[in-house]
Amino acid sequence: MDHRDEMERSRLSNVGFYVQSVAEIVILAVIVGVMYGVHVQRSVVDNNWGLSVLIAFATGVWLLLSLPWFFMEKKRPGMKVPDNLNIVTVGFWQLYEAATQIWQLKQSLIFLAGYFLLGDSLNTTVTVIATLQNQVIAYDTLKLTYLLIVGIVAQAAGIGLFWLAQKHLKLRAKTMFNAVMISILLLDGWGMVGNWTNKFGFHNEWEIWLYQAFYGLAVCPWYSYSQIMISSVTPRGHEFLFFSVFNIIGKASSFIGPLISSRIIDATPGGTNNSAPFYFLFALSFLSAVGLWVFLDLDKSAREQEVFLVQERVRMGADDGASAVTA
């Protein structure tokens, strides 16, 4: 893959995610102002009023930012619909084509498997930590908002630092992704220690604050670099299909991991050890991280994509299919 192309993908993803994080900080600052006023009043009526104001504010922000995009977005034509298909049947045809032809894209399959396993582990880790957090910190809307602000500020800083490091040190996207995988492993290891002692492993309030900072700085870049990696293993012109498949995989991992973790907790003595899933999560993260680190090759993926696109043009009857092969 061309290094400039990879760096441009990284720039777009990281800058976009950084701007999003900064905007979240501004929105959360307004929310804190509202919640602080409710916290001072400490009455049910004021609390309900505060929640109503927050909902109205969030709705207003959503409308303000989404409507201009809806009206200003330019049409970006995709692949030509075959003559024997229509806008409804072409989707099923694409899925069939993907299922039968994706075996030519072995590197894409490797990332698909690793993305599912690692995404499952990360989503479940966040869920388990949230459960432990609720045991440590009594439900306090204002404190939870402060924790979220710490996390989002760290997230913006983490994305910025990762991008600056990649840009100035001329690092590959996979190198940055590997760094994120190590951070996920450290997070699961941190939680696993909680099975052996109550002094460490998300049992203390100071750990919850530290977790928010660590998660933002070292783990949140996952949400940027995983998208960069998806784009790197996707043949040109098939972005919608591949991103849809990867997003479906990501959503599937959102409930499979927590389901397994809940069964693990139920199997512990008394069914109360909420740290027990970290054994499973650490092993799952380690397996997927090693697999992606060792077997995923983005340069090889780029070559596979070239061959795939040429063969597709031949199948579609394009006249210039055979001449599109590049060295």
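Above this text sits the structure in question.
Overview of the structure. Everything quoted here is computed from the prediction, not taken from an experiment. (Residues numbered from 1 in each chain as written. Predicted model: local features only at pLDDT ≥ 70, side-chain atom pairs only at ≥ 80, totals over all residues. Heavy atoms only, no water.)

**Notes on a nonpolar patch on the surface**
And step 1. A cluster of nonpolar residues, Ile182, Leu186, Phe286, Val290, Trp293, Val294 and Phe295, forms a patch on the protein surface that exposes about 710 Å² of accessible area.
And step 2. By the secondary structure assignment, Phe286 is in helix H10 (residues 277–295). (Patch = residues over 30% accessible without salt bridge, like charges linked within 9 Å, V, L, I, M, F, W, Y side chains within 5 Å. Areas by Shrake-Rupley, 256 points an atom, 1.4 Å probe, with all protein chains shown as cover. Salt bridge = Lys/Arg side-chain N within 4 Å of Asp/Glu carboxyl O. Helix = DSSP H or I, 4+ residues; strand = E, 2+ residues; numbered from the N terminus.)

**Looking at unusual backbone geometry**
And step 1. The backbone of Lys170 shows a phi angle near 55°, a positive value even though the residue is not glycine.
And step 2. Looking at Lys170, the relative accessible area reads 58%, which means it is exposed.
And step 3. In this structure, Phe202 is a non-glycine residue whose phi angle is positive, near 65°.
And step 4. Mapped onto the elements, Phe202 comes out in the loop between helix H6 (173–193) and helix H7 (205–219).
And step 5. Take Phe202: its relative accessible area is 1%, and that puts it in the buried class. (Buried < 20%, exposed > 50% of the residue type's maximum accessible area, 1.4 Å probe, protein only.)

**Digging into the nonpolar core**
And step 1. Ranked by internal contacts, the top residues of the largest apolar core, which has 42 residues, are Phe111, Phe177, Leu187, Phe202, Trp222, Phe246 and Phe278.
And step 2. Breaking this core down by element, the ones donating at least two residues are helix H4 (106–136), H6, H7, helix H8 (222–232), helix H9 (239–267), H10 and helix H11 (298–315).
And step 3. The element contributing the most residues to this core is H6, with 10 residues.
And step 4. With near-sequence residues (within four places) excluded, Phe278 lies in contact with Thr125, Val128, Ile129, Leu132, Asp188, Gly191, Met192, Asn195 and Phe202.
And step 5. If you look at the next biggest cluster of nonpolar residues, it comprises five residues, including Leu28, Val32, Ile149 and Ile152. (Core = buried A, V, L, I, M, F, W, Y, C linked by side-chain atoms within 4.5 Å. Contact = heavy atoms within 4.5 Å.)

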